Amino acid sequence: MNYTVGDQVDLFIVRATQLGYVVLIDNDAEGLLFNSDVFQSLQKGDQVKGYIKLIREDGKIDVSLRPQGFRNAIDADCDNILSILKKDKVLNLTDKSSPEDIRSQLNMSKKAFKKAIGFLYKRKVIVLQEDHIELLN
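Residues numbered from 1 in each chain as written. Predicted model: local features only at pLDDT ≥ 70, side-chain atom pairs only at ≥ 80, totals over all residues. Heavy atoms only, no water.

Caption draft 1: Inspection of helix 3 (residues 110-122) at higher detail. When the terminal C-alpha atoms of helix 3 are compared, their 18 Å separation across 13 residues agrees well with the 18 Å that a helix rising 1.5 Å per residue should span. Along helix 3, the residues classified as buried are Ala112, Phe113, Ala116, Ile117, Phe119 and Leu120. For helix 3, the buried positions fall inside an angular range of 155° around the axis, keeping them on one side. Turned more than 90 degrees away from the buried face of helix 3, the exposed residues are Lys111 and Lys122. Lysine 124 lies just past helix 3 and shows a positive phi near 55°. (Helix = DSSP H or I, 4+ residues; strand = E, 2+ residues; numbered from the N terminus. Expected span 1.5 Å × (residues − 1). Buried < 20%, exposed > 50% of the residue type's maximum accessible area, 1.4 Å probe, protein only. Arc of directions from axis to C-beta.)

Put into structure tokens, the structure is as follows:
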């Protein structure tokens, strides 16, 4: 069990708890995936890719479904938004959209969404309208 923060791992959902999900990491170690890091439906027995988020002093491991660090996460979030915009031409979300709407359409938190659209807007890839987002040509 030689993991470092940021390592990509395979997660097997063992059971749900009040805090989140107990997971088996690479069929080797047990970890915890907190509810605050989950933006998709998970069930016991699901297998998903994850990332080592924190290794505690007592040896317990926290995991996330998203890569750690701004640079690693922003690329995936931007790609997700851009793929929808290229297909549908508009995204009916704004920075005022509810976290639930963002989660249901994009499987990401509102915070991650706002970072990604800010990143794309500053690079003049998208235009922010009052009730939606458009891809610039």
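Caption draft 2: Focus on the pairing of strand 5 (residues 61-64). The alternating pattern of strand 5 places Ile61 and Val63 on one face and Asp62 and Ser64 on the opposite face, and all of these are buried. Pairing of strand 3 (residues 29-34) with strand 5, which is carried by 3 bridges, proceeds in the parallel orientation. In the sheet register, leucine 33 faces strand 5, and the bridge partner there is valine 63. Bridge count between strand 4 (residues 47-55) and strand 5: 4 bridges; the pairing is antiparallel. Counted as the bridge partner of isoleucine 52 is valine 63 from strand 5. (Pairing = 2+ DSSP bridges.)

Caption draft 3: Geometry of the environment of threonine 17. With respect to the helices, strands and loops of the structure, threonine 17 is situated in the loop between strand 1 (8-16) and strand 2 (20-25). Along the primary structure threonine 17 and phenylalanine 34 are separated by 17 residues, whereas in three dimensions their C-alpha atoms are 9.1 Å apart. The contacts of threonine 17, once residues within four sequence positions are left out, are Val22, Leu32 and Asn35. (Contact = heavy atoms within 4.5 Å.)

Caption draft 4: Structural view of the layout of surface pockets. Computed from the structure, the second largest pocket encloses a volume of approximately 180 Å³. Every residue lining the second largest pocket is listed: Arg15, Val22, Glu30, Gly31, Leu32, Phe34, Arg56, Lys60, Ile61 and Asp62. Those elements that place two or more of their residues in the lining of the second largest pocket are strand 3 and strand 5. Tallying contributions element by element places strand 3 first for the lining of the second largest pocket, with 4 residues. Taken together, the residues of the lining of the second largest pocket sort by class into 4 nonpolar, 1 polar and 5 charged. (1 Å grid on protein atoms, 1.4 Å probe; cavity = no way out; pocket = protein on both sides within 12 Å on 5 of 7 lines; lining within 4 Å. Points joined across faces, edges and corners; volume = space filled by probe spheres on them. Nonpolar A, V, L, I, M, F, W, Y, C, P; charged D, E, K, R; others polar.)

Caption draft 5: Highlighting the sheet that holds strand 1. On the basis of which strands lie adjacent, the closed barrel formed by 5 strands has the order 1-2-3-5-4 and mixed pairing. When the angles between neighbouring strand axes are averaged without regard to direction, this sheet yields 55°. (Axes fitted to C-alpha atoms, helices over the stretch in contact; angles between N-to-C directions.)

Coordinates in, geometry out; function isn't part of it.
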